[in-house]
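# Per-entry structural report
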Amino acid sequence: QVQLVESGGGLVQAGGSLRLSCAASGRTFSSTAMAWFRQPPGKEREFVAHISWSGRFTYYADSVKGRFTISRDNAKNTVYLQMNSLKPEDTAVYYCAADVSGSYDLTSSYRYWGQGTQVTVSS
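Residues numbered from 1 in each chain as written. Predicted model: local features only at pLDDT ≥ 70, side-chain atom pairs only at ≥ 80, totals over all residues. Heavy atoms only, no water.

Counting its regular elements, the chain contains zero helices and 11 strands. Relative to the compact-globule value of 14 Å for 123 residues, the chain shows a C-alpha radius of gyration of 13 Å, a close match. Summarising its shape, the C-alpha atoms of the chain cover approximately 40 × 25 × 25 Å along the three principal directions. Within the chain, the proportion of its 123 residues that are buried is 45%. The contacts of the chain with a sequence gap of at least 6 include a subset with a gap of at least 24, amounting to 56%. Taking the 12 positively charged and 9 negatively charged side chains of the chain as two groups, their mean positions are separated by 6 Å. (Helix = DSSP H or I, 4+ residues; strand = E, 2+ residues; numbered from the N terminus. Rg over C-alpha atoms; globule rule 2.2 N^0.38 Å. Buried < 20%, exposed > 50% of the residue type's maximum accessible area, 1.4 Å probe, protein only. Contact = heavy atoms within 4.5 Å. Lys, Arg positive; Asp, Glu negative; His and termini not counted. Charge placed at Lys NZ, Arg CZ, Asp CG, Glu CD.)

Below is the structure:
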């Protein structure tokens with residue numbers, strides 16, 4: 001099994017930056033692809049970024065490409081989401097997910113989920 005705990009969310013002004021962390025534990029972590037999703041208020045959960053088990057491949061939603069960077073440090077059992085040039089549209093609860101089976105951009109493809117961390121971007 002894998003357990004995921006997100007942190008690093010908060011309130012930031014438009015144009016600012018935040019760095020989210022997802023602390024993972026479990027025997028299969030080092031060989032598990034992971035992703036970040038987000039759920040804006042009143043909307044469906046949507047894909048943000050994905051990183052392969054090795055870190056060799058990364059994928060981003062068009063809405064965050066060029067602004068967000070996903071990375072992982074397996075020695076620390078942690079996945080990160082560096083968010084720069086934040087916009088009010090980025091306001092959402094951000095979730096990390098692990099162990100993909102299927103399309104990397106679908107919520108139904110992931111076996112494990114964290115509890116979420118709130119990111120609020122003000123104008």
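Our focus in this paragraph is the pairing of strand E3 (residues 18-25). As paired strands, strand E1 (residues 3-7) and E3 are joined by five bridges and run antiparallel to one another. Each bridged residue has a counterpart across the sheet, and for Gln3 the counterpart in E3 is Ser25. For E3 and strand E8 (residues 78-83), the ladder comprises six bridges, and the chain directions are antiparallel. Of the residues in E8, the one forming a bridge with Leu18 is Met83. (Pairing = 2+ DSSP bridges.)

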